[in-house]
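# Reading the structure
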Amino acid sequence: DQQVKQNSPSLSVQEGRISILNCDYTNSMFDYFLWYKKYPAEGPTFLISISSIKDKNEDGRFTVFLNKSAKHLSLHIVPSQPGDSAVYFCAASSRSGTYKYIFGTGTRLKVLA
Amino acid sequence: DAGITQSPRHKVTETGTPVTLRCHQTENHRYMYWYRQDPGHGLRLIHYSYGVKDTDKGEVSDGYSVSRSKTEDFLLTLESATSSQTSVYFCAIRPGQGDLGYGYTFGSGTRLTVV
């Protein structure tokens, strides 16, 4: 029972264009969402977060949008760069007090030069 | 890297043998987690700890046990390794305070192969 889903296993985008990575969740108790980026042979690194009281959060080239009614979030990367090529995981948590995050299956982004 | 190290980085072991993976942190963070990463499954929580000697199960805990006898070390043990436990294992840490948006810091991972 996958509570956090990333339905696109892979995505290819031209350098300079926008990359949009999507994530859906089923648990309405989730109220914090994160995006992580992972390069091969390395651990995931934190990218950006959003809480359920917001519908948008920006950090440089990265913007996360949250649609609570649709239980959907997306990560926009503008402009995309070859160094953005990595696997991206979304993760969700609720205020359980133990800070457990449930991760999606990941989307492999390839930015073509 | 960011005060968290995993050892060993790679291990090959035989089916039926016990295996222990170590996660060591220098951040004095309260929360520590073990995840496994598998194709098509993403990152799945095995066990976590919310303090010394305080641990709990995650979503895929069968066949694994953990121990945390001091703040800096969180050990993951495969009691009797099986081929289905071939995976990449990640340890993560998090301080106890702050909002949820802070997220985890992950280690570099341990690639375990059970033959």
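So, here is what we can say about the structure in this document. (Residues numbered from 1 in each chain as written. Chains lettered and ligands numbered in written order. Predicted model: local features only at pLDDT ≥ 70, side-chain atom pairs only at ≥ 80, totals over all residues. Heavy atoms only, no water.)

Quick look at the overall build of chain A now. In terms of helices and strands, chain A carries zero helices and eleven strands. Reading chain A from its N end, one meets helices and strands in the order β-β-β-β-β-β-β-β-β-β-β. Over its C-alpha trace chain A gives a radius of gyration of 13 Å, about what one expects of a compact globule, namely 13 Å for 113 residues. If one aligns the C-alpha atoms of chain A with their principal axes, the spans along those axes are about 40 × 30 × 20 Å. Counting all 113 residues of chain A, 47% fall into the buried class. Taken as a whole, chain A presents about 5500 Å² of accessible surface, with 48% of it coming from carbon and sulfur. The averaged location of the 9 negative side-chain charges in chain A is 3 Å from the averaged location of its 13 positive side-chain charges. (Helix = DSSP H or I, 4+ residues; strand = E, 2+ residues; numbered from the N terminus. Rg over C-alpha atoms; globule rule 2.2 N^0.38 Å. Buried < 20%, exposed > 50% of the residue type's maximum accessible area, 1.4 Å probe, protein only. Areas by Shrake-Rupley, 256 points an atom, 1.4 Å probe, with all protein chains shown as cover. Lys, Arg positive; Asp, Glu negative; His and termini not counted. Charge placed at Lys NZ, Arg CZ, Asp CG, Glu CD.)

Let's shift gears to the pattern of salt bridges. This model, assessed by the stated rule, comprises seven salt bridges over all chains. With a shortest N-O distance of 3.1 Å, D73 of chain B and R22 of chain B are connected by a salt bridge. Within this pair, whereas D73 of chain B is found in strand β8 (residues 73–78), its partner R22 of chain B is found in strand β3 (residues 19–25), the two being separated by 51 residues in sequence. A salt bridge links K70 of chain B to D73 of chain B, with the nearest nitrogen and oxygen atoms 3.6 Å apart. One salt-bridge network, in which partners are shared between bridges, spans K37, R61 and D84 of chain A. (Salt bridge = Lys/Arg side-chain N within 4 Å of Asp/Glu carboxyl O.)

So, about the sheet that holds β8 of chain B. Residue and element names in this part refer to chain B. Ordered in space as β1-β3-β8-β7, the four strands form an open sheet in which the pairing is antiparallel. This sheet does not close on itself; its edge strands, each paired only once, are β1 (4–7) and β7 (64–70). Averaged over all pairs of adjacent strands, the angle between their axes in this sheet comes to 20 degrees, without regard to strand direction. (Pairing = 2+ DSSP bridges. Axes fitted to C-alpha atoms, helices over the stretch in contact; angles between N-to-C directions.)

Let us now look at the interface of chain B and chain A. Chain B puts 25 residues into the contact, and the matching count from chain A is 25 residues. For the pair chain B and chain A, the interface holds zero salt bridges. If you look at where chain B meets chain A, you find three residue pairs in polar contact (both at pLDDT 80 or more). Of all the elements in the fold, those that place two or more residues in the side of chain B that touches chain A are β4 (31–38), β5 (42–51) and β9 (87–94) of chain B. (Contact = heavy atoms within 4.5 Å. Polar contact = N/O pair within 3.5 Å; in protein donor to acceptor, adjacent residues only side chain to side chain.)

Quick look at the side chain of R44 of chain B now. All names here are of chain B. Its location among the elements puts R44 in strand β5. By relative accessible area, which is 18% here, R44 ends up buried. Within polar-contact distance, the side chain of R44 engages the side chain of D38 at 3.0 Å. Residue contacts for R44: discarding those within four places in its chain leaves W34, Y35, R36, D38, E59 and V60.

Moving on to the packing of aromatic side chains. In total, this model carries 18 aromatic pairs over all chains according to the counting rule given. Considering the side-chain rings of Y36 of chain A and F46 of chain A, the 5.9 Å spacing of their centres and the 70 degrees angle between planes classify their relative orientation as edge-to-face. Of the two residues, Y36 of chain A is situated in strand β4 (residues 32–38) and F46 of chain A in strand β5 (residues 45–51); the sequence distance between them amounts to ten residues. Judged by its relative accessible area of 0%, Y36 of chain A falls in the buried class. Between F103 of chain A and Y104 of chain B the ring centres are 6.4 Å apart and the planes differ by 40 degrees, which places this aromatic pair in the tilted class. One end of the pair, F103 of chain A, is in strand β10 (residues 102–103); the other, Y104 of chain B, is in the loop between β9 and β10 (105–106), on a second chain. Y104 of chain B shares its class with F103 of chain A; the two are buried. (Phe/Tyr/Trp six-rings, centres within 6.5 Å; stacked < 30°, edge-to-face > 60°.)

This part covers the state of the cysteines. Residues and elements named next belong to chain A. One pass over the full model with this rule turns up two disulfides over all chains. Across the disulfide, C23 is cross-linked to C90 (sulfur-sulfur distance 1.9 Å). Taking the sign of the S-S torsion, 70 degrees for the link of C23 and C90, the bridge is right-handed. Of this pair, C23 sits in strand β3 (residues 19–25) while C90 sits in strand β9 (residues 86–93), placing them 67 residues apart in sequence. (Disulfide = S-S within 2.5 Å.)

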